Structures are given as C-alpha cells and as structure tokens.
Amino acid sequence: IGDIGNVVIRDRKILANDGLLAVVVNVDLKNKAVLQKPKVVSRGFIYMKDSQELIREIQDSVEAYLNDLMQQPRKSIVQMKNELTDYLTSLVYDNTQRRPMIIPVIMNVKRSS
C-alpha cells in the first residue's frame, strides 16, 4: 500500500538486524550538569537483564561524555545529540560488534530554586 522510500527501507533493515538502543538523559544546561543516571532502553538489541555490565558502562560513559560536552561553549541540544550518537555508535560497536539504531533523548530540565 503506497510507496515507501529508501530511508524507511534502510531503517527497517537496521531495526531487523541490530535493533534499537535509546538513551534518555535529563540535563540542566544552565548549570551544565547531568541530573540523573541516563536511562538505557533496548529493543531487539540486547537482553537487558543479561547485559547489566554493558548498560552500566553506557550509562557512565554517557554521563561523563555529556558533562564534558556541556563544558564546551554554546553547544545546542541538537549538536549534543548528534555528537552523542556518534560516540555511542563507536562505543556500542566496540563492545558488541553490532550497530543498532541509536536514539539519544536529551531533556533540558530547569531546576527550581
């Protein structure tokens, strides 16, 4: 039904072969800080209960990487997401030899005083 584009086909192949890895992080850009440990969500990539060591490594690495990124001048959330995607692609491939679709979610949360 209808014509689907090449991008949709490519995304479906990636999802079918390697799955999806999402990382959700709450940051405070004003104070340049990660507010909580990043949350890692996997669909069709790894079994979360059997991969706690990898998940902890991803969480710790993402937290440190974002803290470093926020110290650089004038990084937008879009730039941070792009750089985080590149970083995670390399980190995940080095550990698993797989390339899941990576979706970083960076939410700027303003803490009330």
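Below is a summary of the structure that appears in this document.

Here's the deal with the packing of aromatic side chains
Working step 1: Throughout the structure, instances matching the rule amount to 1 aromatic pair.
Working step 2: With centroids separated by 4.2 Å and ring planes inclined at 10 degrees, the aromatic side chains of Y65 and Y87 adopt a geometry described as stacked. Of this pair, Y65 sits in helix α2 (residues 52–71) while Y87 sits in helix α3 (residues 77–96); the two residues are 22 residues apart in sequence, bridging distant segments of the chain.
Working step 3: According to the relative accessible area criterion, Y87 is partly exposed, its value standing at 26%.
Working step 4: R99 extends its terminal NZ or CZ atom over the ring of Y93, reaching a point 4.0 Å from the ring centre.

Focus: the pattern of salt bridges
Working step 1: Enumeration over the complete set of coordinates arrives at 4 salt bridges.
Working step 2: The partner of K37 in a salt bridge is D60, and the shortest N-O contact between them spans 2.5 Å. Remark: D60 occurs in helix α2 and K37 occurs in the loop between β2 (33–34) and β3 (39–43); sequence separation between them is 23 residues.
Working step 3: Salt-bridge contacts for E63 lead to K37; the nearest nitrogen and oxygen are separated by 3.2 Å. Of the two residues, E63 sits in helix α2 while K37 sits in the loop between β2 and β3, which places them 26 residues apart along the sequence.
Working step 4: Note on E63: relative accessible area 22%, which makes it partly exposed.
Working step 5: What makes K37 partly exposed here is its relative accessible area of 47%.
Working step 6: Through salt bridges that share partners, K37, D60 and E63 make up one connected network.

Notes on α3
Working step 1: In this model, α3 (20 residues) spans 27 Å end to end at C-alpha, consistent with the 28 Å of a helix rising 1.5 Å per residue.
Working step 2: Buried within α3 we find M80, L84, L88, L91 and V92. Taken down its axis, α3 places every buried residue within 95 degrees of arc, on the same side. Opposite the packed face of α3, turned more than 90 degrees from it, sit the exposed residues V78, D86 and D94.
Working step 3: Against the buried residues of α3 lie β1 (20–28), α2 and β4 (101–108).
Working step 4: Two residues or fewer after α3 comes Q97, characterised by a positive phi angle close to 60 degrees.

As for the pairing of β3
Working step 1: Of the two faces of β3, the one lined by V40 and S42 is fully buried and the one lined by K39, V41 and R43 carries no buried residue.
Working step 2: Bridge analysis of β1 against β3 gives 5 bridges, and the strand direction is antiparallel. What sits directly across from L20, in β3, is R43.

The rules behind the values
- Residues numbered from 1 in each chain as written.
- Predicted model: local features only at pLDDT ≥ 70, side-chain atom pairs only at ≥ 80, totals over all residues.
- Heavy atoms only, no water.
- Phe/Tyr/Trp six-rings, centres within 6.5 Å; stacked < 30°, edge-to-face > 60°.
- Helix = DSSP H or I, 4+ residues; strand = E, 2+ residues; numbered from the N terminus.
- Buried < 20%, exposed > 50% of the residue type's maximum accessible area, 1.4 Å probe, protein only.
- Lys NZ or Arg CZ within 6 Å of the ring centre and 35° of its normal.
- Salt bridge = Lys/Arg side-chain N within 4 Å of Asp/Glu carboxyl O.
- Expected span 1.5 Å × (residues − 1).
- Arc of directions from axis to C-beta.
- Contact = heavy atoms within 4.5 Å.
- Pairing = 2+ DSSP bridges.

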